[in-house]
Amino acid sequence: MQNRIREWRERRGLTMHELGQRVGTEASQINKLEKGSRRLTAEWMGRLARALDCAPADLLVPDHLPTAGGELGETAGLPPVAPHPSPTLAGAALPTGFVAEPAHETATPPGATPRDLPVYGAAMGGDDGAFDFNGTVNEYVARPPILAGVANGYAVYVQGESMEPRYFAGELVHVNPNRPITPGCFVVVQIRTGDPHVPTRGLIKQFVRRTATRLHLRQFNPRGELEHELGQVLSIHRIVGASDYG
């Protein structure tokens with residue numbers, strides 16, 4: 001079965017031996033997984049994704065999706081996953097890193113809104129309202145009209161009080177990774193932790209600006225500006241709302 005393990009391994013500058021050490025296996029097993037001679041199960045996808053600092057879906061080619069049983073195979077009657085473009089900051093591309101799962105197929109009663117939008121992230125605490133961003137789907141919720149047809153759209157719950165009064169703890173925000181990033185917009189940012197075994201940190205902030213080396217964000221409570229090295233920024237996705245229609 002075709003996959004993108006080798007592509008991501010080389011992108012991270014790792015040998016098969018080094019990747020094997022990160023996931024607790026031998027280089028020969030990595031070789032088999034890359035060639036498709038060893039079955040790429042959901043468990044293997046999770047281990048490899050953590051080691052490569054990417055989302056499990058990044059390891060798949062568009063015509064291979066997880067099946068209900070947790071194994072991977074050819075799609076059966078499902079539409080292909082749309083490519084995930086790199087988000088931009090003031091015209092400069094950032095690494096994608098995070099790809100939302102394909103829409104969850106469930107039976108929807110006539111006239112009801114499909115509950116197929118994945119909700120990611122788990123509370124982590126802290127004054128900056130950070131949360132774990134490990135690609136795990138916590139639940140599926142109704143898809144708002146603004147995300148209709150957005151295959152890689154997703155949602156997250158606000159953690160903490162750092163963005164009050166714009167966003168409150170427990171509030172659900174909707175995200176469109178395809179929307180351009182502009183000054184003043186609100187965003188979900190993934191920050192690398194530096195440890196391949198630790199999930200990336202998620203932040204909900206207001207985008208201020210980008211310099212050659214730094215990403216500048218704003219929070220409201222307490223009000224202040226945060227800075228992050230661009231090398232630590234894995235992805236930045238735009239939060240969408242009523243003002244984004246049209």
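Rules used in this analysis
- Here, residues in each chain are numbered from 1, in the same order as that chain's written sequence.
- Residue-level local features of this predicted model are given only where pLDDT is at least 70; pairs of side-chain atoms are given and counted only at 80 or more, and the full residue set underlies all totals for whole chains, interfaces and linings.
- Working from all heavy atoms in the structure, the side-chain values ignore hydrogens and water.
- Helix and strand labels come from DSSP, where a helix needs a run of H or I of at least four residues and a strand needs a run of E of at least two; each type is numbered from the N terminus.
- Remark: exposure states derive from per-residue accessible area (1.4 Å probe, protein chains only) relative to the maximum for the residue type, with buried under 20%, exposed over 50%, and partly exposed in between.
- Any two residues whose heavy atoms approach within 4.5 Å at even a single point are treated as in contact.
- Only the protein chains shown count as covering a residue, and every accessible area follows the Shrake-Rupley method with a 1.4 Å probe.
- To define a nonpolar core, start from buried Ala, Val, Leu, Ile, Met, Phe, Trp, Tyr and Cys residues and group those joined through side-chain atoms within 4.5 Å.
- Pairing between strands is defined by DSSP: at least two bridges between them are needed.
- Two aromatic rings from Phe, Tyr or Trp, using only the six-membered ring of Trp, form a pair when their centres are within 6.5 Å; if the ring planes differ by under 30 degrees the pair is stacked, by over 60 it is edge-to-face, and anything between is tilted.
- Two conditions define a charge sitting above a ring: the NZ of Lys or the CZ of Arg must be within 6 Å of the ring centre, and it must be within 35 degrees of the ring normal.
- The arc in question is formed by the directions pointing from the helix axis toward the C-beta atoms.
- Only the stretch in contact is used when fitting a helix axis, every axis being a line fitted to C-alpha atoms; angles between N-to-C directions are given from 0 to 180 degrees.
- These descriptions rest on fixed angle ranges, namely under 35 degrees for roughly parallel, over 145 for roughly antiparallel, 65 to 115 for roughly perpendicular, and the rest for oblique.
- Note on convention: the crossing is left-handed when the near helix lies turned anticlockwise from the far helix by less than a right angle, right-handed when the turn is clockwise.
- When residues are grouped by polarity, Ala, Val, Leu, Ile, Met, Phe, Trp, Tyr, Cys and Pro land in nonpolar, Asp, Glu, Lys and Arg in charged, and all others, Gly among them, in polar.

K.L.:
Quick rundown of the overall build of the protein? Include the residues and the values.
P.N.:
Summing up its helical and strand segments, the protein has four helices and 13 strands in all. Looking at the protein residue by residue over its 246 residues, the buried ones come to 43%. Across the protein, contacts joining residues at least 24 apart in sequence account for 57% of those joining residues at least 6 apart. Of the accessible surface of the protein, which amounts to about 11900 Å², a share of 51% is contributed by carbon and sulfur atoms.

K.L.:
Which residues make up the nonpolar core, and what values do they have?
P.N.:
The biggest cluster of nonpolar side chains holds 17 residues, and the ones touching the most others in it are Leu 19, Leu 40, Leu 48 and Leu 59. In this structure, Val 156, Met 163, Phe 186 and Ile 239 belong to the second largest nonpolar core, which totals 13 residues.

K.L.:
Go over the pairing of strand 12 (residues 223–229) with me, naming the residues and quoting the values.
P.N.:
As judged from the seven bridges shared by strand 11 (residues 214–220) and strand 12, these two strands associate in the antiparallel manner. What sits directly across from Arg 214, in strand 12, is Glu 229.

K.L.:
Residues and numbers for the packing of aromatic side chains, please.
P.N.:
Under the defined criterion, the tally for this structure stands at three aromatic pairs. Measuring from ring centre to ring centre gives 5.6 Å for Tyr 120 and Tyr 154, while their planes differ by 85°; the resulting arrangement is edge-to-face. Linking Tyr 120 in strand 5 (residues 117–123) with Tyr 154 in strand 7 (residues 154–157), this pair joins segments that are 34 residues apart in sequence. Across the pair, exposure class does not vary: Tyr 120 and Tyr 154 are buried alike. Here the aromatic rings of Tyr 167 and Phe 186 are separated by 5.4 Å at their centres, their planes lie at 90°, and the arrangement is edge-to-face. Of this pair, Tyr 167 sits in the loop between strand 7 and strand 8 (172–176) while Phe 186 sits in strand 9 (residues 186–191), placing them 19 residues apart in sequence. Here a set of aromatic residues connected by ring pairs shows up, and it is made of Tyr 167, Phe 186 and Phe 220. Here the basic side chain of Arg 11 rests over the ring of Trp 8, its NZ or CZ set 4.2 Å away from the ring centre. For the cation-ring pair, Arg 166 lies above Phe 186, with the distance from its terminal atom to the ring centre recorded as 4.9 Å.

K.L.:
An account of the pairing of strand 9 is needed here, citing residue identities and associated values.
P.N.:
Among the six residues of strand 9, six are classified as buried, and the element is accordingly described as predominantly covered. Going residue by residue along strand 9, you find Phe 186, Val 188 and Gln 190 tucked away on one face and Val 187, Val 189 and Ile 191 tucked away on the opposite face as well. Across six bridges, the pairing between strand 9 and strand 10 (residues 200–210) is antiparallel. Note that in strand 10 the partner of Val 188 across the bridge is Ile 204. Note that strand 9 and strand 13 (residues 233–240) share five bridges and pair antiparallel. Residue Val 187 lies in a different strand from strand 13, and its bridge partner there is Arg 238.

K.L.:
Tell me about helix 3 (residues 27–35), and please be specific about residues and values.
P.N.:
For helix 3, every residue scored as buried is listed here: Gln 29, Ile 30, Leu 33 and Glu 34. The buried residues of helix 3 occupy an angular sector of 135° when projected down its axis, which confines them to one face. Contacts from the buried residues of helix 3 go to helix 1 (5–11), helix 2 (16–23) and helix 4 (42–52). Of the residues flanking the end of helix 3, it is Gly 36, one or two places downstream, whose phi is positive at about 85°.

K.L.:
Outline the packing of helix 2 against helix 4, listing residues and values.
P.N.:
As a packed pair, helix 2 and helix 4 sit with axes 9 Å apart at the nearest point and diverge in direction by 110°. Classified by the angle between their axes, helix 2 and helix 4 sit roughly perpendicular to one another. For the element pair helix 2 and helix 4, the recorded crossing hand is right-handed. Where helix 2 abuts helix 4, its residues Leu 19, Arg 22 and Val 23 lie against Trp 44, Arg 47, Leu 48, Ala 51 and Leu 52. Per-class residue counts for the contact of helix 2 with helix 4 are six nonpolar, no polar and two charged.

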